[in-house]
Amino acid sequence: MDVQLRRGLLEVCVLAAVARHDSYGYQIIREMEPFVEISESTLYPILRRLEAGEMLRVYSVEHSGRLRKYYQITQRGRDRLAEFQQEWREIMRIYSFIAGGAQGDE
């Protein structure tokens, strides 16, 4: 898969995971695992980019004597998810054309 396409898809997958409920890194990885493989070394730069883009907000909670970073989706992040869903419908129309060939008079 194209690197840029994969990167964009992973960012949207992370937003989707956090949209379900506030979450922390390891939990995000586990929730995405059945659908897409993502490592910690890939996830954390994505989380930082999404936070810098104001699509995620970060807060800390003490857990077992340590602070755990939780990620919460912002309205900008929800807007990006909605935008992606619209883009995906367009991509599927194009895919349908490619997979089915041109439908016209012969």
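Anyway, here's the lowdown on the structure attached to this text. This structure is a prediction, so every number in the text was calculated from the model and none was measured. (Residues numbered from 1 in each chain as written. Predicted model: local features only at pLDDT ≥ 70, side-chain atom pairs only at ≥ 80, totals over all residues. Heavy atoms only, no water.)

Moving on, we come to the side chain of Ser23. With respect to the secondary-structure elements, Ser23 resides in the loop between helix 1 (3–20) and helix 2 (25–32). Only 2.8 Å separates the side chain of Ser23 from the side chain of Gln27, close enough to count as a polar contact. Beyond its immediate stretch of four places on either side in the chain, Ser23 contacts Ile28, Lys69, Tyr70 and Tyr71. (Helix = DSSP H or I, 4+ residues; strand = E, 2+ residues; numbered from the N terminus. Polar contact = N/O pair within 3.5 Å; in protein donor to acceptor, adjacent residues only side chain to side chain. Contact = heavy atoms within 4.5 Å.)

Turning to unusual backbone geometry, a few remarks are in order. Even without a glycine there, the phi angle at Glu54 is positive, about 60°. Looking at the element boundaries, Glu54 is found in the loop between helix 3 (40–52) and strand 1 (56–63). A positive phi is found at Ser64, a non-glycine position, where the angle reads about 55°. Looking at the element boundaries, Ser64 is found in the loop between strand 1 and strand 2 (66–73). Overall, Ser64 belongs to the exposed group, its relative accessible area being 69%. (Buried < 20%, exposed > 50% of the residue type's maximum accessible area, 1.4 Å probe, protein only.)

With that out of the way, let us pick up the packing of helix 1 against helix 3. If you want to describe how two helices pack, look at the angle between their axes and the distance between the axes. As a packed pair, helix 1 and helix 3 sit with axes 10 Å apart at the nearest point and diverge in direction by 75°. Classified by the angle between their axes, helix 1 and helix 3 sit roughly perpendicular to one another. Residues Arg7, Leu10, Glu11, Val14 and Leu15 of helix 1 touch helix 3, and the partners they reach there are Thr42, Leu43, Ile46, Leu47, Arg49 and Leu50. In terms of residue class, the contact of helix 1 with helix 3 is made up of seven nonpolar, one polar and three charged. (Axes fitted to C-alpha atoms, helices over the stretch in contact; angles between N-to-C directions. Parallel < 35°, antiparallel > 145°, perpendicular 65-115°, else oblique. Nonpolar A, V, L, I, M, F, W, Y, C, P; charged D, E, K, R; others polar.)

The subject of this paragraph is the packing of aromatic side chains. Per the stated rule, a full pass over the model turns up three aromatic pairs. On the basis of an interplanar angle of 75° and a centroid distance of 5.5 Å, the ring pair of Tyr24 and Tyr70 is categorised as edge-to-face. Taken together, the residues Tyr24 in the loop between helix 1 and helix 2 and Tyr70 in strand 2 connect sequence positions 46 residues apart. When sorted by exposure, Tyr24 lands in the same class as Tyr70, which is buried. Considering the side-chain rings of Tyr59 and Tyr70, the 5.7 Å spacing of their centres and the 15° angle between planes classify their relative orientation as stacked. Note that Tyr59 is positioned in strand 1 and Tyr70 in strand 2, a separation of 11 residues in sequence. Judged by its relative accessible area of 31%, Tyr59 is partly exposed. Ring-pair connections join several aromatic residues into one group, and the members of that group are Tyr24, Tyr59 and Tyr70. The ring of Tyr24 has Arg68 lying over it, and the distance from NZ or CZ to the ring centre is 3.8 Å. (Phe/Tyr/Trp six-rings, centres within 6.5 Å; stacked < 30°, edge-to-face > 60°. Lys NZ or Arg CZ within 6 Å of the ring centre and 35° of its normal.)

Before going further, it helps to examine the layout of surface pockets. As a volume, the largest pocket reaches approximately 260 Å³. If you go around the largest pocket, you meet 13 residues; those closest to its centre are Cys13, Ala16, Ala17, Arg20 and Phe35. Within the residue set of the lining of the largest pocket, elements represented by two or more residues are helix 1, helix 2 and helix 4 (75–100). Each residue belonging to the lining of the largest pocket can be placed in one class, and the counts come to 10 nonpolar, one polar and two charged. As a volume, the second largest pocket reaches approximately 170 Å³. Lining the second largest pocket, in full, are Tyr24, Gly25, Tyr26, Tyr44, Leu47, Arg48, Glu51, Arg68, Lys69 and Tyr71. Counting residues per element, the ones that place at least two in the lining of the second largest pocket are helix 2, helix 3 and strand 2. (1 Å grid on protein atoms, 1.4 Å probe; cavity = no way out; pocket = protein on both sides within 12 Å on 5 of 7 lines; lining within 4 Å. Points joined across faces, edges and corners; volume = space filled by probe spheres on them.)

By themselves these figures say nothing about function.
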